[in-house]
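Observations on the model geometry
So the chains spell out like this:
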Amino acid sequence: FLAVAVDTDTLWGCIGGLDREVEPFREVPRPGGSAAKWGDLVIGNLMQIRPFNGWMARFRVYDRALSMEEMAALAAADRADAAKSGMALLQPRPATVRPPFFRHSAIPFSTRWQRPQALEVMDAFHATDCLWVYGNKPDYAAAVQATGRRYQGAMHGLQGLEKATTEKTAAGDPSGRHEDLDGNKNMPRWMVTFSPRHFTGCCNHPAFRDIFFADAKAYVEMGVDMIHVDDSAMNASWVKDAGVCFCDHCRAGFREFLRTRRAPAELRELGVADIAAFDYRDHLRTTGIPDAATYRKEFNNLPLTPDFIAFQTESMRSFYRELRARLDQWSPDKHIAVSVNELLPLPVADRHGRLYHADLVDFYHGEAYDRTFAVNLTANKTAEALGLQNISTPVLQGVADGARSLALAYALGQFQLVPWDVYMGSDETGSIPRYNGSREDFGSYYDLIHSRPQLFDTARSLAAVGVLVNADLAETPPTTRLCEELAARQIPFHLIVAATRQARIPLRADDLRGLRVLIAHSPLDSLAEEDRATLESVLAERRLRVVGPEVDWAAFLAARGLDALRFEGPPGVYLFPRQAADGRVLIHLVNWNIVPGTDRPESYRFVTVALRRWGAVGKATYWRPGAEPVEPTVEPHAEFVRFTLPQLDTWGILELTPQ
């Protein structure tokens, strides 16, 4: 080991090896006089298309002078890790408790209504499943299923609109709509231009429940394979956004909720003197909250708000438990899967609780409005952490944008809906025209997925690093920033999520045992007692190291050889390794860069992937959408194996077969 650092006026360094400790050179003045001022040093080739900063072949070159301490740490890490295999450090994530509903090579498609032309479009994109379809024509569903595809009927938290009155007042409405403190119904702000007028339904109201369950049963009788629920959080969501519901059934239910959850002394402290006569609407009016506008303004300051939110959240969860029981009763021989429109990345439970139904549904199917890399990355990692598959419906900003989020979703073992008949948003001026992508735009991506299922099926993500998040406390922006920084450093990681407040997501010992380092993004003492015990049992095995977010985790991971993947190319390209059941490793390269002012990705020639201390590779194959596969040369070196890839546009997959 030899390291030399040259600063503006000084030269120093050290020397060592596998059989000797590091010995420093004597620090000496820099020959030739001092430099007046140095700027940033960027080292690379091909006009900096492949810059590097640090480890390169058997050399490291840095853009600044390292200290003696930094050089000594590098030498120590090299000696300790010289005999290790980088591949041995990366372990696949254990299988989820629930078996996946989709193969990883599935191609989900949606025609939001039963459009006749959709059958031909499904064929063009090799669609495997037809999801989120409104309409009750059995012949249409049968025609889709006759092609070998599964079919999903769609419902929503406004079910029964055709039975609702068009007036704003809730009085006399037979369909079980939400009712605010003034006795008015609730209309989502993005539906104000819809016709007929759209009012949300109350999951505690018998009329709404009868309508919803009758429509669900009709779908089962049609022979659907799945049911999707949009606006799925119902009362749990609208209690915070619109201050509802104050219908007779919600007020009676809240009284019973308080009676069973709160001791008499606690109730008195909250201003409830006689629970038997308690009526929340009357209580608010007698305590200075006369109308809905005042209630919304004072909502977060009212003493009973946390309890009211908890009651409405539990009401919604009870509703889905009953839906599951009814579906199993109506269809005892075929499991009718249920999905919901959950907007990821991290469904954090703030102080009012928001992790609604991750433990009650079969998969997520949510709209992806935020198009940033950090949010898309964390969304797919969150679904994996929750043990759920996630299908994102992209609200696209162009073809290149849709292609890169599609590549990222499949690179992380998740899915993106074929961008056809896609909702793009609406406001008080009306709905934005729906997006209909073409074969020319996206066909090559789905051709690759369809023709090469072996690149996707059975593959599980590889990592040696975990990020621990208590979803009862976490804040989404810091979590997405940490995930993005790990990905930017090419550190494969698993998100480890625990939650207690609503949906119970426990820590699993198997998820922790495959890791070498756990970054405690949430304080360990914030975990539930059961989760702390699970973590402590794994730590007792002395294979896992926990570091706090305040630690320089990048240096910590590098010193332990956990930066096993390197990409010689521009920033904005990310590597995601997965391992198939037969031992093949599939490294997805996702290029997030778009040429400024255009709708096309930046394209790079001769980018290089290097795998540090990886071991022998038998064969390498490089796949790209719309291109024939190539076999890059396997370049074995003392500490790494290297592959130069001919071109990267948006997505490439490097398939490595063990020797």
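Position numbers for residues count from 1 along each chain, tracking the sequence in the order it is written. In keeping with the model being predicted, local features are shown solely for residues with a pLDDT of at least 70 and side-chain atom pairs are shown and tallied solely at 80 or more, while totals for entire chains, interfaces and linings include all residues. Side-chain measures here rest on the full set of heavy atoms in the structure, leaving out hydrogens and waters.

1. Digging into the overall build of the protein chain
The secondary structure listing takes helices from DSSP runs of H or I that are at least 4 residues long and strands from runs of E that are at least 2 residues long, numbered from the N terminus. Per the secondary structure count, the protein chain includes 18 helices and 32 strands. Radius of gyration means the value over C-alpha atoms here, while the globule rule gives 2.2 Å times the residue count to the 0.38 power. Radius of gyration (C-alpha) of the protein chain: 28 Å, near the 26 Å computed for a compact globule of 659 residues. Judged by the C-alpha coordinates and their principal axes, the protein chain covers about 90 × 65 × 50 Å. Partly exposed residues are those whose accessible area sits between 20% and 50% of the maximum for their type, while under 20% is buried and over 50% is exposed, using a 1.4 Å probe and protein chains only. Per-residue burial over the protein chain gives 54% buried out of 659 residues. Put simply, of all contacts in the protein chain between residues at least 6 apart along the chain, 72% involve residues at least 24 apart. Surface summary for the protein chain: the accessible area is close to 28,200 Å², and the carbon and sulfur share equals 51%. For the purpose of counting charges, residues Lys and Arg are taken to be positive, whereas Asp and Glu are taken to be negative. His and the chain ends are not included. Here the site of a charge means atom NZ of a Lys, CZ of an Arg, CG of an Asp or CD of a Glu. Here the protein chain contributes 73 positively and 83 negatively charged side chains, and the mean placements of these two sets differ by 2 Å. Contact between two residues is taken to exist if any of their heavy atoms lie within 4.5 Å; hydrogens are not considered. Reported accessibility uses the Shrake-Rupley method at a 1.4 Å probe radius. Residues are deemed covered only where the shown protein chains occlude them.

2. Here we look at the sheet that holds strand β29 (residues 617-623)
As summarised here, the arrangement of the six strands in space is β7-β20-β26-β27-β32-β29, forming an open sheet in which the pairing is antiparallel. In this open sheet, the two edge strands, each paired with only one partner strand, are β7 (91-92) and β29. The angle between two axes is taken between their N-to-C directions and runs from 0 to 180 degrees, where each axis is a line fitted to C-alpha atoms and a helix contributes only its stretch in contact. The sheet strands contacting helix α13 (residues 399-411) are β26 (573-579), β27 (585-591) and β32 (651-658), and the helix crosses β27 at an angle near 155 degrees. Paired strands, as defined in this entry, are two strands with at least two bridges between them according to DSSP.

3. Quick word on empty space enclosed by the protein
Taking a probe equal in size to a water molecule and rolling it over the atoms shows the remaining empty space. The definitions used throughout rest on a 1 Å grid laid over the protein atoms alone, on which a cavity is an enclosed set of points accommodating a 1.4 Å probe that cannot get out and a pocket is an open set flanked by protein within 12 Å on both sides along at least five of seven lines; lining residues are those having an atom within 4 Å of a point. Grid points are joined across faces, edges and corners, and a volume is the space filled by probe spheres set on the points. Evaluation of the coordinates by the stated rule reveals four cavities of 30 Å³ or more. The computed volume of the largest cavity comes to approximately 100 Å³. Considering the residues around the largest cavity, the lining is formed by 14 residues, among which Lys-381, Pro-492, Leu-575, Phe-576 and Pro-577 are closest to the centre. Where the lining of the largest cavity is concerned, the elements lending two or more residues are β20 (460-463) and β26. With four residues, β26 is the largest single contributor of residues to the lining of the largest cavity. A per-class count over the lining of the largest cavity returns 10 nonpolar, two polar and two charged. Here the term charged refers only to Asp, Glu, Lys and Arg, the term nonpolar to Ala, Val, Leu, Ile, Met, Phe, Trp, Tyr, Cys and Pro, and the term polar to all other amino acids, Gly among them.

4. Some words on the environment of Glu-529
Along the chain, the position of Glu-529 falls in helix α17 (residues 529-539). Take Glu-529: its relative accessible area is 64%, and that puts it in the exposed class.

5. Remarks on the packing of α13 against helix α14 (residues 439-451)
Packed helices, taken two at a time, are described by the angle between their axes plus the distance between the axes. Relative to each other, α13 and α14 sit at 15 degrees, their axes nearing to 9 Å. By the angle between their axes, α13 is roughly parallel relative to α14. Helix-helix and strand crossings are classified by hand; for α13 and α14 the assignment is right-handed. The segment α13 lies against α14, with Val-399, Gly-402, Ala-403, Leu-406 and Tyr-410 engaging Asp-441, Phe-442, Tyr-445, Tyr-446 and Ile-449. Working rule for angles: under 35 degrees goes down as roughly parallel, over 145 as roughly antiparallel, 65 to 115 as roughly perpendicular, anything else as oblique. Throughout, a crossing is termed right-handed when the near helix is turned clockwise from the far one, and left-handed when it is turned anticlockwise from it by less than a right angle.

6. Considerations on the side chain of Ser-110
Checked against the element boundaries, Ser-110 lands in strand β8 (residues 108-110). Looking at Ser-110, its side chain comes within polar contact range of the main-chain oxygen of Leu-131, at 2.8 Å. A distance of 3.2 Å separates the side chain of Ser-110 from the backbone oxygen of Trp-132, its partner in a polar contact. Sequence-distant contacts of Ser-110, that is, excluding residues within four places in its chain, are made with Leu-131, Trp-132, Leu-417, Trp-420 and Asp-421. Each polar contact in these results corresponds to two N or O atoms within 3.5 Å; when the atoms are within protein, one needs to be able to donate a hydrogen and the other to accept it, and residues that are neighboring in sequence are counted only if both atoms are side-chain atoms.

Limitation: the analysis is restricted to geometry and does not speak to function.
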